[in-house]
There are 2 protein chains.
Amino acid sequence: MAVNLYIPPESHIFAVAGVEIGTAEAGIRKANRRDLTVFRLAEGSSVAGVFTLNRFRAAPVQLCEAHLAAGQGIRAMVINTGNANAGTGETGLQAAKDTCQALAGLLGIEPAQVLPFSTGVILEPLPVDRLTAGLPQAIADLQDNNWFAAAHSIMTTDTQPKIVSQRVALGNNTITITGISKGAGMIRPNMATMLGYLATDAGIAPDLLKEMVRSIADRSFNRITVDGDTSTNDSFIIVATGKSQVRIDSTSDPLYEPLYTALADAATELAQKIVRDAEGATKFMTVQVEQAKTSEEALKVAYAVAQSPLVKTAFFASDPNLGRILCAIGYAGIADLDVNGINLWLGDVLVAKNGGRNPDYQEADGQRVMKEPEILVRIALGRGDVSDTVYTCDFSHEYVSINADYRS
Amino acid sequence: MAVNLYIPPESHIFAVAGVEIGTAEAGIRKANRRDLTVFRLAEGSSVAGVFTLNRFRAAPVQLCEAHLAAGQGIRAMVINTGNANAGTGETGLQAAKDTCQALAGLLGIEPAQVLPFSTGVILEPLPVDRLTAGLPQAIADLQDNNWFAAAHSIMTTDTQPKIVSQRVALGNNTITITGISKGAGMIRPNMATMLGYLATDAGIAPDLLKEMVRSIADRSFNRITVDGDTSTNDSFIIVATGKSQVRIDSTSDPLYEPLYTALADAATELAQKIVRDAEGATKFMTVQVEQAKTSEEALKVAYAVAQSPLVKTAFFASDPNLGRILCAIGYAGIADLDVNGINLWLGDVLVAKNGGRNPDYQEADGQRVMKEPEILVRIALGRGDVSDTVYTCDFSHEYVSINADYRS
């Protein structure tokens with residue numbers, strides 16, 4: 001069902017010097033599938049992350065934040081699928097600690113140098129014994145270029161692995177950026193049942209990377225929405241191993257901008273892949289709001305449209321139902337919005353003009369746009385000069401089926 | 001598909017002295033169905049209403065507000081289905097004015113004494129000629145007890161008519177309260193594609209009724225949610241004809257409280273009927289949040305749970321997926337929420353205790369509750385002593401089908 005989700009051939013996935021990956025079948029929830037992933041990171045790597053704002057933060061998220069704050073240098077990451085270790089209280093926290101302890105012991109590092117991640121069902125105890133029993137298998141599998149296996153291993157309701165990889169010329173050098181993500185439902189700003197990992201062999205000063213990961217998450221993973229739910233476990237991590245010749249310590253470095261852009265583009269691609277593979281998605285929609293007074297109000301409108309079940313079901317039906325879009329703009333919460341200033345395009349077709357149906361609009365033109373798998377919804381508010389964009393998908397029968405059956 | 005939607009027998013629907021109703025087939029959108037309804041109200045009736053907060057307020061809503069403000073005394077209401085006359089600009093406003101003018105001419109009253117209402121598709125011109133051509137038929141049909149026909153005539157995607165009727169003893173007298181509503185999707189607080197009309201033969205001072213209609217809407221129609229969308233046309237009206245012996249001029253009248261309660265109960269029943277008949281609904285859920293600091297935060301949590309597509313699809317599947325409910329509580333937006341203080345019941349079963357799974361909870365107990373058509377979700381936040389309640393339904397395949405096919 002995924003919408004134009006590009007999966008690069010394995011030959012186009014570049015190893016990142018300083019990152020090794022191994023996977024294993026730990027039997028966390030289901031037998032005969034790789035559900036455990038270990039990253040080993042070279043000494044001296046900078047690692048920074050952003051995490052869910054949900055008040056029910058899962059145990060591994062709490063540990064990630066503590067271990068990043070401890071500042072001992074992150075040397076490994078461990079990810080399990082099948083169980084989110086969320087809403088599991090003290091027992092769950094202990095399970096996450098035991099996981100870090102076990103991996104640290106096997107790799108000869110400190111537990112505070114390990115970042116743990118979990119994704120899957122909530123409120124069920126993590127089978128930590130099975131997890132730790134699987135670690136030696138994952139460690140035995142550690143290889144330079146195991147990104148593809150990792151992209152598969154972290155999937156839950158995803159139908160496709162999500163992976164980006166590119167080589168970027170920076171000054172006289174070339175760096176590599178490779179990343180994976182997972183997530184298919186329960187997605188909206190401020191992170192979701194979403195895991196994203198981006199690694200580069202560029203060197204980036206730790207404090208700078210900390211700023212960059214926030215800003216990049218805000219432009220990528222915080223601009224996608226599937227169903228408006230945000231999960232307990234969402235995490236986005238950037239690793240910079242420093243194994244290339246490129247090292248950047250401040251925003252004034254001339255290579256900072258191109259590096260930032262390359263990382264942000266890769267993150268946006270990973271984020272968009274989550275929408276393309278969203279549960280039951282048949283269309284990929286870009287909701288672009290222009291002429292707002294502030295980014296906040298642009299996003300209010302974009303999210304109102306992107307999250308409206310009525311808009312999303314109309315898109316599923318390829319129905320250019322502009323009434324539902326205008327209606328969502330109307331309840332987005334901009335108190336002094338003058339609807340007479342609003343123009344609305346579906347693709348290149350001006351469907352609403354000055355807040356009403358464009359007199360020149362022909363339904364056949366709207367229909368043509370709506371039948372495409374990728375649709376741009378462009379809304380001009382006529383209030384200012386700020387734009388912002390959100391990515392989303394339609395709402396199909398399949399979404400209901402998947403989410404009604406998830407635990408069975 | 002409606003969930004326990006009680007339709008009283010015609011013999012239990014009581015006429016309200018001072019209210020006559022007629023319906024007609026005007027062919028607004030479809031042939032061979034009654035789609036036009038006229039109310040004639042006795043002189044001296046008090047009429048008050050509340051309307052959508054959507055910035056795209058439909059033309060009839062704008063006229064309703066103007067005519068209520070004009071204070072000439074409302075003597076008639078006219079309701080068409082099939083076309084919402086929304087997003088139709090000046091032409092649409094003129095069409096609504098023409099409707100009032102035509103009805104006023106036929107009834108020998110002023111246009112400003114008419115309230116117009118429209119519901120149906122948005123952004124298409126109202127066929128005002130067909131509408132006004134149907135008025136004589138509706139007027140010829142005016143009768144005391146035509147409530148049932150009106151309940152049918154105002155339906156759009158509703159599968160069942162929604163009607164309440166009761167006689168209430170007030171002091172030494174008996175008054176009658178009868179009302180109808182329509183609406184099935186696009187429902188959430190601050191009104192929705194929702195029309196509600198409640199009439200009583202009690203007399204209520206106009207200023208008092210104005211206060212009462214706001215307060216009662218807030219306890220009834222503003223506490224239901226189907227899909228979080230709010231429409232351009234939502235309206236709730238109370239008519240008090242004063243044809244009984246009861247007349248109430250202030251809140252200090254000893255009969256005020258029982259009258260208020262009777263009207264509020266009738267409005268709540270009408271509102272709940274909308275949820276019971278919501279598009280594709282198979283379950284009716286009451287989300288009750290207790291121990292909040294404020295009503296605002298209780299409602300934030302209640303709506304986060306009631307509007308989560310993941311929660312709603314789990315209920316559709318009769319899956320006691322408490323993880324999804326806790327998750328929604330977590331992202332409801334209470335920044336200092338201590339999740340360890342949260343208890344959660346499904347029906348009478350304590351499923352989560354102190355923010356985690358209740359150790360004594362058996363899945364079979366949750367399953368038993370979830371199989372019922374009516375489910376109480378009770379959430380105690382452990383922060384204060386304020387409670388509030390929201391009514392909603394589950395999210396089914398049928399919802400997607402109905403909304404993907406609505407215009408075809």
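Residues numbered from 1 in each chain as written. Chains lettered and ligands numbered in written order. Predicted model: local features only at pLDDT ≥ 70, side-chain atom pairs only at ≥ 80, totals over all residues.

S.K.: Pulling in residues and values, what's your account of the overall build of chain A?
M.R.: Scanning chain A for helices and strands turns up 11 helices and 18 strands. The C-alpha radius of gyration of chain A comes to 22 Å, within 12% of the 22 Å expected for a compact globule of 408 residues. Each of the three principal axes of chain A carries a C-alpha extent, and together these read 70 × 55 × 40 Å. Every one of the 408 residues in chain A was classed for burial, and the buried ones make up 58%. Excluding contacts between residues fewer than 6 apart, the proportion of contacts in chain A whose partners are at least 24 apart in sequence is 80%. (Helix = DSSP H or I, 4+ residues; strand = E, 2+ residues; numbered from the N terminus. Rg over C-alpha atoms; globule rule 2.2 N^0.38 Å. Buried ≥ 20, exposed ≤ 12 C-beta atoms within 10 Å, placed from the backbone. Contact = placed C-beta atoms within 7 Å.)

S.K.: Could you give an account of the sheet that holds strand E6 (residues 162–170) of chain B, naming the residues involved and the relevant values?
M.R.: All names here are of chain B. Read from one edge to the other, the open sheet built from five strands follows the order E3-E11-E8-E7-E6, with strand pairing classed as mixed. The strands lining the two open edges of the sheet, one partner per strand, are strand E3 (46–51) and E6. Taking each pair of neighbouring strands and ignoring which way they run, the sheet shows an average axis angle of 10 degrees. With six bridges connecting them, strand E7 (residues 173–182) and strand E8 (residues 195–200) associate as antiparallel partners. Each bridged residue has a counterpart across the sheet, and for Ser 181 the counterpart in E8 is Gly 196. In this fold helix H5 (residues 206–219) packs onto E3 and strand E11 (235–240), with an angle of close to 35 degrees to the strand it touches most, E3. Most of the contacts of helix H6 (residues 256–276) go to E6, to which it runs at about 165 degrees, and overall it touches E6, E7, E8 and E11. (Pairing = 2+ DSSP bridges. Axes fitted to C-alpha atoms, helices over the stretch in contact; angles between N-to-C directions.)

S.K.: I'd like to hear about the nonpolar core, residue by residue, with values.
M.R.: The biggest cluster of nonpolar side chains holds 264 residues, and the ones touching the most others in it are A:Val301, A:Val305, B:Val301 and B:Val305. With residues near it in sequence (within four places) discarded, B:Val305 still touches B:Val287, B:Val311, B:Ile325, B:Ala328, B:Ile329 and B:Val377. (Core = buried A, V, L, I, M, F, W, Y, C linked by C-beta atoms within 7 Å.)

S.K.: So what's going on with the domain arrangement of chain A? Residues and values would help.
M.R.: All names here are of chain A. Examined at the domain level, chain A breaks down into domain 1 (10–276) and domain 2 (284–405). Centre-to-centre separation of domain 1 and domain 2, based on C-alpha positions: 33 Å. Each side of the interface is counted separately: domain 1 has 10 residues, and domain 2 has 11 residues. Looking at the side of domain 1 that touches domain 2, the elements with two or more residues in it are strand E10 (224–225) and helix H6 (256–276). Its residues assigned to classes, the side of domain 1 that touches domain 2 comprises three nonpolar, five polar and two charged. (Domains from an automatic or database assignment. Nonpolar A, V, L, I, M, F, W, Y, C, P; charged D, E, K, R; others polar.)

S.K.: I'd like a rundown of the packing of helix H1 (residues 59–70) of chain B against helix H2 (residues 89–107) of chain B, residues and numbers included.
M.R.: Residue and element names in this part refer to chain B. H2 packs onto H1 with a crossing angle of 55 degrees between their chain directions and a minimal axis gap of 8 Å. In this view, H1 runs oblique relative to H2, as classed from their interaxial angle. When the axes of H1 and H2 are compared, the crossing they make is right-handed. Residue-level inspection shows Ala 59, Pro 60, Gln 62 and Leu 63 of H1 in contact with H2, the latter providing Gly 92, Leu 93, Ala 95, Ala 96, Lys 97 and Cys 100. Counted by class, the contact of H1 with H2 contains seven nonpolar, two polar and one charged residues. (Parallel < 35°, antiparallel > 145°, perpendicular 65-115°, else oblique. Left-handed = near helix turned anticlockwise from the far one by under 90°.)

S.K.: Can you lay out the packing of helix H7 (residues 295–307) of chain B against helix H9 (residues 322–330) of chain B for me, pointing to particular residues and giving the numbers?
M.R.: Residue and element names in this part refer to chain B. The N-to-C vectors of H7 and H9 enclose an angle of 135 degrees; their axes lie 8 Å apart at closest approach. Between H7 and H9, the crossing angle belongs to the class labelled oblique. The chirality of how H7 crosses H9 is right-handed. Across from Val 301, Ala 304 and Val 305 in H7, the residues of H9 making contact are Ile 325, Ala 328 and Ile 329.

S.K.: Describe the confidence of the model for chain A, naming the residues involved and giving the relevant values.
M.R.: When pLDDT drops low, the exact placement of atoms in the prediction is not to be read closely. Residue and element names in this part refer to chain A. For chain A, per-residue confidence averages 91 on the pLDDT scale, and 95% of positions sit at 70 or higher. In this model residues 187–192 is a low-confidence stretch, pLDDT under 50, and it forms 32 contacts with partners more than four residues away in sequence or in other chains. Both confidence scores are given for the complex: pTM 0.83, ipTM 0.76. (pLDDT = per-residue confidence, 0-100.)

S.K.: Report on the interface of chain B and chain A, specifying residues and quantitative values.
M.R.: Taken together, the contacts link 46 residues of chain B with 46 residues of chain A. Top contributing element to the side of chain B that touches chain A by residue count: H9(B), with six residues. Split into classes, the residues belonging to the side of chain B that touches chain A amount to 20 nonpolar, 19 polar and seven charged.

S.K.: Would you mind going over the sheet that holds strand E18 (residues 386–393) of chain A in detail, with residue names and values included?
M.R.: Residue and element names in this part refer to chain A. One open sheet holds the seven strands; their spatial order is E10-E18-E13-E17-E14-E15-E16, and the pairing between them is mixed. A strand with exactly one partner marks an edge of an open sheet, and here the two such strands are E10 and strand E16 (356–357). Sheet analysis places strand E14 (residues 343–346) next to strand E17 (residues 374–380), joined by four bridges and oriented antiparallel. Note that in E17 the partner of Leu 344 across the bridge is Ile 379.

S.K.: A description of unusual backbone geometry should follow, citing residues and the corresponding values.
M.R.: Residue and element names in this part refer to chain B. You will see that Gln 291, though not glycine, has its phi angle at about 55 degrees, which is positive. Locating Gln 291 in the fold gives a position in strand E13 (residues 284–292). Overall, Gln 291 belongs to the partly exposed group, with 17 C-beta atoms counted inside 10 Å.

S.K.: Pulling in residues and values, what's your account of the relation of the copies chain B and chain A?
M.R.: For the match of chain B to chain A, the screw axis carries a shift of 0.0 Å, the RMSD comes to 0.0 Å, and the turn is 180 degrees. Taken together, the rotation angle and the small translation identify this as a two-fold axis. It is B:His397 whose C-alpha, among those of chain B, lies nearest the rotation axis, at 2.7 Å. A symmetric contact is evident, with 100% of the interface residues of chain B recurring at the interface of chain A. (Least-squares fit on C-alpha atoms with pLDDT ≥ 70 in both.)

S.K.: Lay out the pairing of strand E15 (residues 349–353) of chain B with the relevant residues and their values.
M.R.: Residue and element names in this part refer to chain B. Note that strand E14 (residues 343–346) and E15 share three bridges and pair antiparallel. Across the sheet, the residue bridging to Trp 345 is Leu 350, located in E15. Where E14 folds back onto E15 in an antiparallel hairpin, the turn is made up of two residues, including Gly 347, whose phi is positive at roughly 60 degrees. Note: E15 against strand E16 (residues 356–357), two bridges, orientation antiparallel. The partner of Lys 353 across the bridge, within E16, is Gly 356. Counted along the chain from E15 to the antiparallel partner E16, the turn is two residues long, and its residue Asn 354 has a positive phi close to 50 degrees.

S.K.: Give me the lowdown on the environment of B:Ile248, citing residues and values where you can.
M.R.: Residues and elements named next belong to chain B. Examined against the element boundaries, Ile 248 turns out to sit in strand E12 (residues 247–248). By the C-beta count within 10 Å, which is 23 here, Ile 248 ends up buried. Separated by 72 residues in sequence, Ile 248 and Pro 320 place their C-alpha atoms 48 Å apart. If we skip the residues at most four places from it in the chain, Ile 248 touches Ala 202, Gly 203, Ile 204, Leu 208, Asp 253, Leu 255, Tyr 256 and Leu 259.

S.K.: Explain H9(B) to me, using residue names and the numbers behind them.
M.R.: Within H9(B), nine of the nine residues are buried, which leaves the element mostly enclosed by the surrounding structure. Among all positions in H9(B), only B:Leu322, B:Gly323, B:Arg324, B:Ile325, B:Leu326, B:Cys327, B:Ala328, B:Ile329 and B:Gly330 are buried. Check the buried side of H9(B) and you find it contacts strand E5 (114–121) of chain A together with H7, helix H8 (309–316), E14, E15 and strand E17 (374–380) of chain B.

S.K.: Mind laying out the environment of A:Ile28, listing which residues take part and the relevant values?
M.R.: All names here are of chain A. Examined against the element boundaries, Ile 28 turns out to sit in the loop between strand E1 (19–24) and strand E2 (36–41). When the 21 C-beta atoms within 10 Å are taken as the criterion, Ile 28 is described as buried. For the pair Ile 28 and Val 128, spaced 100 residues apart in the sequence, the C-alpha separation amounts to 8.4 Å. If we skip the residues at most four places from it in the chain, Ile 28 touches Asp 35, Asn 80, Thr 81, Gly 82, Asn 83, Pro 127, Arg 130 and Leu 131.

S.K.: Provide a residue-level description of the environment of A:Thr193, including the pertinent values.
M.R.: Residues and elements named next belong to chain A. Residue position: Thr 193 is located in the loop between strand E7 (173–182) and strand E8 (195–200). Classification of Thr 193 as buried rests on a count of 28 C-beta atoms within 10 Å. Each C-alpha atom of the pair Thr 193 and Ser 118 lies 9.8 Å from the other, and the pair is 75 residues apart in sequence.

S.K.: Can you explain the pairing of strand E4 (residues 76–83) of chain A? Please cite residues and give values.
M.R.: Residue and element names in this part refer to chain A. The buried fraction of E4 is high, at eight of eight residues. In terms of strand pairing, E2 meets E4 through five bridges, oriented antiparallel. Residue pairing for E4: Arg 40 is matched across the bridge by Ala 76.

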